[in-house]
Amino acid sequence: MKKIILLILFVCVTCLWGCVMKKEKEVVVVPVSNIMFKKDNLYNGDAKFLNNQYVVTQIGGKLAFINPHGEIVKLHKEVNVNWCDVDRENRILVYGNLEKKIGICRFDEEFNILSNETIIEIQEDLGIDPSICKVDDKYYITVTHITGNINNADIQQENGNYSIRMYFSEDLKNWTEISKVIEAKQNLEDIDLNYYNDKFFLTYEKESYDKANSSINLLVSNDNGKSWEQNMVLIEENADNEPAVFEYFNHKFYLYYSSDIENLGTSYEGAKIYMQEYNENLQCIGNPIEIPLQNNIGNLLYDVEKKENDLYCLFTQKYITESNFILEKTVFPIYERG
């Protein structure tokens with residue numbers, strides 16, 4: 001009788017253990033992200049990755065380089081910067097400032113300035129959001145020119161005229177305007193210029209007034225920027241959507257952006273960071289997926305860098321009220337296919 005009871009107990013324990021193990025196998029463990037540095041109240045406004053998680057940004061309107069531990073390795077007070085983009089491989093920075101100048105700055109491996117020249121004197125009221133891309137031996141940049149009301153925040157007021165223009169150069173000194181990519185009496189901001197598969201891809205935010213609902217759009221050029229077509233909406237005008245990075249690898253496109261879609265009307269203060277995947281025909285694959293971060297509310301994304309399964313995110317938390325500058329390492333998000 002005892003043997004029978006022991007046998008029954010053994011079978012029950014074995015079944016119970018099997019159920020536990022099955023449940024454990026079904027659990028998806030999300031790796032904990034790691035904040036590599038956090039610099040409170042920096043109010044830097046823009047930032048881009050260099051190689052190995054080094055960062056170029058502005059502090060107090062001056063050019064700054066920061067290492068992955070958050071230490072300022074170089075601060076160049078002679079270079080006034082408000083918006084910037086970088087050619088990482090060739091250590092070339094394009095920047096715009098409130099002095100209405102677009103400049104090109106070259107720096108060495110120790111972040112010393114090799115050259116710094118103003119390449120465009122903006123004739124309009126302001127020039128913002130420069131972006132740079134090298135193709136073969138030529139350099140291409142885009143700049144948003146603004147005439148009239150800048151960054152209009154009032155729906156009752158007339159917006160300024162925004163025009164995204166493209167330039168090219170072979171020596172980084174002499175620049176020629178190729179085209180006026182797009183023009184509108186709407187805020188056209190957060191430009192990202194890239195070159196994949198013999199085409200230029202330009203993403204931008206389009207909104208009627210600052211912090212309102214906005215769309216993320218894409219333009220494509222097949223003739224080195226002379227003409228632009230396929231003006232398509234990547235993210236609908238369903239929230240305040242702020243694009244950061246549009247990249248291509250493994251035959252897919254990936255858009256990284258900030259959005260207050262879950263906290264409508266809060267703009268940067270309530271935004272989360274997302275990734276949307278597209279196939280080679282620029283058709284959406286699945287829905288936007290949230291990037292897992294320790295504090296996922298109130299984040300405005302500047303840049304990302306992917307290394308294998310890791311994703312490094314560069315962003316500002318509570319941009320308007322606190323402006324805490326953060327570099328965080330997290331996991332590259334993977335869609336769960338049904």
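Analysis parameters
- Residues numbered from 1 in each chain as written.
- Predicted model: local features only at pLDDT ≥ 70, side-chain atom pairs only at ≥ 80, totals over all residues.
- Heavy atoms only, no water.
- Core = buried A, V, L, I, M, F, W, Y, C linked by side-chain atoms within 4.5 Å.
- Buried < 20%, exposed > 50% of the residue type's maximum accessible area, 1.4 Å probe, protein only.
- Helix = DSSP H or I, 4+ residues; strand = E, 2+ residues; numbered from the N terminus.
- Pairing = 2+ DSSP bridges.

Turning our eyes to something else, we now look at the nonpolar core. The biggest cluster of nonpolar side chains holds 21 residues, and the ones touching the most others in it are I164, V181, L193, F200, L202, Y204 and W228. If you list the elements that add at least two residues to this core, you get strand 10 (126-135), strand 11 (138-147), strand 12 (161-169), strand 13 (176-184), strand 14 (187-196) and strand 15 (199-207). Among the elements that make up this core, the one with the highest residue count is strand 10 (four residues).

By the criterion of burial, strand 6 (residues 83-87) is predominantly enclosed, with five of the five residues buried. Alternating residues of strand 6 divide into W83, D85 and D87 and C84 and V86, and every residue in both groups is buried. Of the strand pairs in this sheet, strand 6 and strand 7 (residues 92-96) are connected by five bridges, and their pairing is antiparallel. Across the sheet, the residue bridging to D87 is I92, located in strand 7. Joining the antiparallel neighbours strand 6 and strand 7 is a turn of four residues, in which R91 adopts a positive phi near 55 degrees.

Right, let's talk about unusual backbone geometry for a bit. Even without being a glycine, F111 presents a positive backbone phi close to 70 degrees. Residue class for F111 comes out buried when judged on its relative accessible area of 12%.

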